[in-house]
Amino acid sequence: QVQLVESGGGSVQPGGSLRLSCVASQVSFRVNDMGWYRQAPGKEREMVATISSGYDTKYGDSVKGRFIISRDNGKNTVYLQMNSLKPEDTAVYYCHAETETLDNGDLHALETWGKGTLVIVSS
């Protein structure tokens, strides 16, 4: 089945930058929308940014103007460039993908989540 492997998380100081990467593997047909979501302690999961297969992007209000989502369809990879990081950006960031898998001649829609990568913004 489709697997999402995230990387790039870590600890940075306020005002710093990080770039997260997420690679989708075992995709037998295609990857549609991909995105990043985050969940901070005591808060619900929220959408950070999404990007369609046609490169249309959406951003959560809290990160608009600071984060940039991009993707490389040839590599089945989505990136999240995070700039001007703030302590309130501290969270576990999860990669998400909507895929279609061709299995034995049948198309199956599949929603997949990565296991998450921790981002800590602190001085």
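This text gives an overview of the structure that appears in the document. Please read these numbers as outputs of a predicted model, since none were measured by experiment.

## A closer look at the sheet that holds strand β3 (residues 18–25)
No. 1: Pairing is antiparallel in the open sheet, where four strands are placed in the order β1-β3-β8-β7. Looking at the sheet topology across the chains shown, the edges are occupied by β1 (3–7) and β7 (67–72). Neighbour-to-neighbour, the strand axes of this sheet turn through a mean angle of 15°, independent of strand direction.
No. 2: Bridging between β3 and strand β8 (residues 77–82) involves six bridges; their strand directions are antiparallel. Considered in β8, the bridge of V23 is made with T77.

## Quick look at the state of the cysteines
No. 1: Tallied over the entire structure, the rule returns one disulfide.
No. 2: Each disulfide pairs two cysteine sulfurs, and for C22 the partner residue is C95, the sulfurs being separated by 2.1 Å. In this structure the cystine formed by C22 and C95 twists about its S-S bond by roughly -85°; its chirality is therefore left-handed. Taken together, the residues C22 in strand β3 and C95 in strand β9 (residues 91–103) connect sequence positions 73 residues apart. Each member of the pair C22 and C95 is classed as buried.

What counts, and at which threshold
Residues numbered from 1 in each chain as written. Predicted model: local features only at pLDDT ≥ 70, side-chain atom pairs only at ≥ 80, totals over all residues. Heavy atoms only, no water. Pairing = 2+ DSSP bridges. Helix = DSSP H or I, 4+ residues; strand = E, 2+ residues; numbered from the N terminus. Axes fitted to C-alpha atoms, helices over the stretch in contact; angles between N-to-C directions. Disulfide = S-S within 2.5 Å. Buried < 20%, exposed > 50% of the residue type's maximum accessible area, 1.4 Å probe, protein only.

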